[in-house]
Structure formats: structure tokens, C-alpha cells
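Listed below, chain by chain, are the residues.
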Amino acid sequence: MSSEFAAQLPLARQAIDRDYLARARPDLFEGLWAAPETRVIALHDGSALARGARLAYLEPREVPTADLLLYLGRSSDAAATPFVAAVLSESAAATLGDDAEWVELRTVGGSLDALDAGLFTEALALANWHTSHAFSPRTGEPTQPALGGWVRRAADDDPAGSRDVFPRTDAAIIVGVTDADDRMLLGANALWPAGRYSLLAGFVEPGESLEHAVVREVFEEAGIRVVDPVYLGSQPWPFPASLMLGFRATVEPGQQVVPDGDEILDLRWFSRDELVAALGEVTLPGPTSIARAILEDWFGGPIDDRAAV
């Protein structure tokens, strides 16, 4: 990943030492709750509590009883502040927020600093995983969080941890396809509002390289073959559990795009001037996404699109 492109990826920024060795402490949360420097990020229904342009850093005494606690690690600055995420029920969340608001990562991720963006992304990804793994996929047994929230343990009588379930991340490629005239291909997904266009993307299949996934997904969605996939960089996308791997690729000459009609309803080639002229009619991916970063990398700078979502 080039440093220039990486700077455009809001959710790839990190200013946290995940302090993984501390997760094994049997009294981890008791010790954190007793430490005056510990700060807590409150989560509820996919949102985090924020004050102004920052996440709200709560002291442990301010936090109501949580459904789940997650140890996020320590800030990577000299203060080494320990951070915990508290996942709250609706009733517990309602006791907070008199001087704060609940915000969504998609909306504020690009405006947060590196520490807050990394904390919010990490906490949301981990909380989403817990939601979907209340039962072991191996045995069907109920699971309980362990190791600071980084494992779910299927049975109390399994001291060796052989039935432990670990967090999952689903790899997905996203690709900026250009033609011989350096036009960018954008598609309209069947699930999106009318007028919204973005890059082609899809999940990596078992036994498949990232480059092969790029070629396959573009062919499946647009009916064209691309060559020379070039990796640009990656960004976590915890909606609910993806890692987006960004690429550029070039279409082989002499092909016509054909939307698959199922997932992709429309495909359009845009030059830079044509994209600017279409803004308003066409809605682009939002500033928190890697799709926007790939588009602006091709465009040569920020795209002034106040209608982006």
C-alpha cells in the first residue's frame, strides 16, 4: 500500500496498540475498571457515543451495566491509555447522551482522528462478530466471551480451549476498472437507491487468490475480462465483518459491458469531465469508503460531491 493512497483510507488509520498479551489476564476487566486512566467507548445498535468531533471517552464509573465488554488495547502514544468498548442494551444506552449523541461509523469515520477511527472500527467489527456467534458453529453449543472479548468459548469444561471460536473477517475485493481511454466503470446495485453508482466488488471465494477474484467478479457482474489487477491497499469495513482489498484493473479492448441484471442493474463509463457533469444525477460512494478513495485516486484529487452518501 502506498503511503499516499493509505492516507485516503479513513478506517485503515490506527493509533492503538492492541496489547494482545493482556487479554489472557483472568482479572483483566477488574483491573481495568480499577485503573483511573481507563477510558470506555459506549456502543449501542451499531452506533457509538460521541461529543462534538470526538468519541465520548467515559470513565468506568460512568458506564452502566454492559451486555458485553471488549478490551481494545492501549493508545500508542506516551500516555498508553487503556480502552474498553461497552456494548449496551437500549435501556442502558438511554441513560447516557445528555451532552452527547449516538453516531454511525459510515457517517463520521472520515472526520474522526486516527485514534477514534481505529477504536470505533475495531470495536464495531468485534461487537458484530459476537452478535453472530452466540452458538458454536462446530458444536451448536452456546458460547461465552473470553480473553477480553477476543474469543468465544463453547464449554466451561474445555480448559484447553479446543472449542474456542475466534473472530472472522471476510475478504472482499473492490476494483476500479478503466478502459483504453482511462474512463472509469461504475455500476448501480439492485439494492441501492436510484442514481447511486460505485465500483464493482465482491467476496473472495474459498481457494481463490485476490487477483483471480478481481477477474471473476468483474466478469460475473459486467461481462468483461480485465487484465493486470494492481493492488492499492485495504480497509476494514465492519458492516458487518469485511476487509475491503482495493485494486485497479484494465479492461481488455473490444468488449461491451453487460450488467448481470441481478446484482448490477446498470453500468456506465465515465471520463473525469463526464463524472463531474453527472454529479447530482449520479450519487457516489461516501467519503468513509475505500471506493471513494479509489475513485479520487483515479480522478486526481477530491471530488466535490455534496450529495455523496
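Residues numbered from 1 in each chain as written. Predicted model: local features only at pLDDT ≥ 70, side-chain atom pairs only at ≥ 80, totals over all residues. Heavy atoms only, no water.

## Description of the overall build of the protein
Thinking step 1. When helices and strands are tallied, the protein shows 8 helices and 15 strands.
Thinking step 2. Relative to its length of 309 residues, the protein is compact, with a C-alpha radius of gyration of 22 Å against a globular reference of 19 Å.
Thinking step 3. With the C-alpha coordinates of the protein rotated into their principal frame, the extents come out at 65 × 45 × 35 Å.
Thinking step 4. Residues counted as buried form 47% of the 309 residues belonging to the protein.
Thinking step 5. Counted over contacts in the protein with a minimum sequence separation of 6, partners at least 24 positions apart contribute 65%.
Thinking step 6. Summed over its atoms, the accessible surface of the protein is roughly 15100 Å², and 51% of this surface lies on carbon and sulfur atoms.
Thinking step 7. In the protein, 24 side chains carry a positive charge and 47 a negative one; their mean positions are 3 Å apart. (Helix = DSSP H or I, 4+ residues; strand = E, 2+ residues; numbered from the N terminus. Rg over C-alpha atoms; globule rule 2.2 N^0.38 Å. Buried < 20%, exposed > 50% of the residue type's maximum accessible area, 1.4 Å probe, protein only. Contact = heavy atoms within 4.5 Å. Areas by Shrake-Rupley, 256 points an atom, 1.4 Å probe, with all protein chains shown as cover. Lys, Arg positive; Asp, Glu negative; His and termini not counted. Charge placed at Lys NZ, Arg CZ, Asp CG, Glu CD.)

## Focus on the pairing of strand E5 (residues 68–75)
Thinking step 1. Counting buried residues along E5, 6 of its 8 residues qualify, which places the element largely inside the surrounding structure.
Thinking step 2. For strand E1 (residues 16–17) and E5, the ladder comprises 2 bridges, and the chain directions are antiparallel. Directly across from Ile16, in E5, lies its bridge partner Ser75.
Thinking step 3. Direction of pairing for E5 relative to strand E6 (residues 82–87): antiparallel, over a ladder of 6 bridges. Of the residues in E6, the one forming a bridge with Leu70 is Ala85.
Thinking step 4. Where E5 folds back on E6, the antiparallel hairpin that results is connected by 6 residues, among which Ala80 adopts a positive phi of roughly 50 degrees. (Pairing = 2+ DSSP bridges.)

## Details of the nonpolar core
Thinking step 1. Judged by nonpolar contacts, the single largest core of 52 residues is most densely connected at Leu43, Leu70, Phe120, Leu186, Leu199 and Leu295.
Thinking step 2. Apart from the residues lying within four places of it in its own chain, the contact partners of Leu199 are Ile174, Val175, Gly176, Met184, Leu185, Leu186, Ala291, Ile294 and Leu295.
Thinking step 3. Membership of the second largest hydrophobic core comes to 19 residues, among which are Leu200, Val214, Ala222 and Val226. (Core = buried A, V, L, I, M, F, W, Y, C linked by side-chain atoms within 4.5 Å.)

## Observations regarding the side chain of Thr288
Thinking step 1. One can find Thr288 in the loop between helix H7 (272–278) and helix H8 (290–299).
Thinking step 2. When neighbours within four sequence positions are excluded, Thr288 is seen to be in contact with Pro10, Leu11, Leu105, Arg106, Gly109, Gly110, Gln235 and Trp237.

## A short note on the layout of surface pockets
Thinking step 1. Space inside the largest pocket adds up to approximately 800 Å³.
Thinking step 2. Arg106, Trp192, Arg196, Trp237 and Met244 are, among the 33 residues lining the largest pocket, the residues nearest its centre.
Thinking step 3. At the level of elements, helix H4 (105–108), strand E10 (170–178), strand E12 (200–203), strand E13 (226–237), strand E14 (242–251) and H8 are the ones that each hand at least two residues to the lining of the largest pocket.
Thinking step 4. In terms of residue count, E12 provides more of the lining of the largest pocket than any other element does, 4 residues in total.
Thinking step 5. Its residues assigned to classes, the lining of the largest pocket comprises 19 nonpolar, 9 polar and 5 charged.
Thinking step 6. Surrounding the second largest pocket, 18 residues form its lining, Arg18, Thr121, Ala125, Thr169 and Pro236 being those nearest its centre.
Thinking step 7. Here the lining of the second largest pocket takes 5 residues from helix H5 (residues 114–132), the largest share from any one element. (1 Å grid on protein atoms, 1.4 Å probe; cavity = no way out; pocket = protein on both sides within 12 Å on 5 of 7 lines; lining within 4 Å. Points joined across faces, edges and corners; volume = space filled by probe spheres on them. Nonpolar A, V, L, I, M, F, W, Y, C, P; charged D, E, K, R; others polar.)

## Side note on unusual backbone geometry
Thinking step 1. In this structure, the amide linkage connecting Phe239 to the following residue, Pro240, adopts the cis form with an omega of 10 degrees.
Thinking step 2. Here Pro240 lies in the loop between E13 and E14.
Thinking step 3. At Asp45, a residue that is not glycine, the phi angle is positive and equals roughly 55 degrees.
Thinking step 4. Counting through the fold element by element, Asp45 comes out in the loop between strand E2 (39–44) and strand E3 (47–51).
Thinking step 5. The exposed category is assigned to Asp45, whose relative accessible area is 71%.

## Focus: H5
Thinking step 1. With 19 residues, H5 extends 28 Å between its outermost C-alpha atoms, agreeing within 8% with the 27 Å of an ideal straight helix rising 1.5 Å per residue.
Thinking step 2. With 14 of 19 residues buried, H5 is to be regarded as a mostly interior element. (Expected span 1.5 Å × (residues − 1).)

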